[in-house]
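In case you want the letters, here they are:
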Amino acid sequence: MKQIGVLLINLGTPDAPTPEAVGRYLREFLMDGFVIDVPKPLRWFLVNIMIVPRRKGQSAKAYQKVQLPGGSPLLVYTRELAEKVAARLAVDGNDFVVEYAMRYGNPSIASALERLRTHDISRIIVMPMYPQYAESSYQTAVVETKKRAGEFGLADRLTFCPPFYQRADFIKACAGRVRDGVEAWPVEHFVFSFHSLPVRHLKRLDATQAHCLVRSDCCDTISAVNQNCYRAQCIFTARAIARELGLRDDGFTISFQSRLGKAEWLGPQTESVLSKLAQAGVKRVAVSCPSFVADCLETLEEIGIRARDNFIQAGGQELRLIPSLNSGLVWVETLVGWIRELCV
């Protein structure tokens, strides 16, 4: 009996929290032309001479702060999610085979597809775990999967789950996480922090060159002009979660984190937002990171440790990081529902 393959894809993580392993990971990640979009010789120089030698030791120390017994948080939660999705799908029979992969690092997309090829697979549902579209996350995962699937003769069996920034069940799952995270806690302000992107990544997708970050209301609605705009999708997600929570417009702030380099990136920066809130007298903030569906270095260390410390130093009292969806029951059920939809 033929089965349906399911492939969950997350961004990636080093094999170990050591400078050597982090260096390997960073080189693979940053040498992707979707991530650093400059000519390859210049990219090689930036990555191998300027960035990796300086960052690998610092990043390794950061990874060590959040490492779990089973590996890095992103790996652990992605593995748990795949196992739970597989178990839930198995309730109705053995029609599905579930694998997980990382766009960078291990397990690789190629290795996951090779494992799926050993089964009698009729099709493969590919689920990039990125709520909002960006070339440096969603698109590169799609391109790599198609490339490797072609090498294995599986290219015609792929079905991709699109970005899900606007899906009501995703919004409700995120809002539920926030409610659970602040239950019986007198939070004064919410911050929705998204991974930042270079501004040029957004502008080059605007075919009109007269909309993106040109009009003051460019991201207020999603239209044919900005349907793949990362910033517009982030704003949609944040506002939808806020509505689900019943927040007033002045009860939350949208910000962006994890900048790299000196180019112009999306703002405002999360740490600047938190500092200004503290200086304005806000003592307790809750930070949710809805561009991440699994906790990782950027949520646990960057926000949960560094941003918290900076907020307190600026005059705040407590910053509470809202856990990502990880492998929670609601998220598992949500993904299972999407997988079944894509099978129709």
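Residues numbered from 1 in each chain as written. Predicted model: local features only at pLDDT ≥ 70, side-chain atom pairs only at ≥ 80, totals over all residues. Heavy atoms only, no water.

Here's the deal with the packing of helix α2 (residues 40-66) against helix α10 (residues 297-313)
Packing of α2 against α10 brings their axes to within 9 Å, and their N-to-C directions diverge by 90°. As judged from the angle between their axes, α2 and α10 are roughly perpendicular. Each of Ala62, Tyr63, Lys65 and Val66 in α2 lies in contact with α10, whose residues at this interface are Leu297, Leu300, Glu301 and Ile305. Among the residues forming the contact of α2 with α10, the class breakdown is six nonpolar, no polar and two charged. (Axes fitted to C-alpha atoms, helices over the stretch in contact; angles between N-to-C directions. Helix = DSSP H or I, 4+ residues; strand = E, 2+ residues; numbered from the N terminus. Parallel < 35°, antiparallel > 145°, perpendicular 65-115°, else oblique. Contact = heavy atoms within 4.5 Å. Nonpolar A, V, L, I, M, F, W, Y, C, P; charged D, E, K, R; others polar.)

What to know about the nonpolar core
Soluble globular proteins tend to bury their nonpolar side chains together. Grouped together as the largest cluster of nonpolar side chains are 77 residues, with contacts concentrated most on Val85, Met127, Phe170, Phe192, Tyr230 and Trp331. If you tally residues by element for this core, the top one is helix α8 (residues 230-245), at nine residues. Once you skip the residues sitting within four places of it in the chain, Trp331 turns out to touch Leu81, Met129, Phe164, Phe170, Val293, Leu325, Asn326 and Trp338. In terms of nonpolar packing, the next biggest core, distinct from the first, is built from 21 residues, Leu7, Ile109, Leu116 and Ile124 among them. (Core = buried A, V, L, I, M, F, W, Y, C linked by side-chain atoms within 4.5 Å. Buried < 20%, exposed > 50% of the residue type's maximum accessible area, 1.4 Å probe, protein only.)

Focus: the sheet that holds strand β8 (residues 318-321)
Taken in spatial order, the four strands make up an open sheet running β6-β5-β7-β8, and their pairing is parallel. Here the strands that pair on one side only, and so sit at the sheet edges, are β6 (252-257) and β8. Within this sheet the neighbouring strands show an average axis-to-axis angle of 25°, counted without direction. Examined bridge by bridge, strand β5 (residues 189-195) and β6 share six bridges and lie parallel to one another. Across the sheet, Phe194 pairs through a bridge with Phe256, a residue of β6. (Pairing = 2+ DSSP bridges.)

Things to note about the state of the cysteines
What we call a disulfide is simply a covalent bond connecting the sulfur atoms of a pair of cysteines. As enumerated under the stated definition, the model contains zero disulfides in all. There is no disulfide at Cys161, and the cysteine sulfur nearest it, in Cys343, is 11 Å away. No disulfide involves Cys218; its sulfur sits 3.7 Å from that of Cys219, the nearest cysteine. (Disulfide = S-S within 2.5 Å.)

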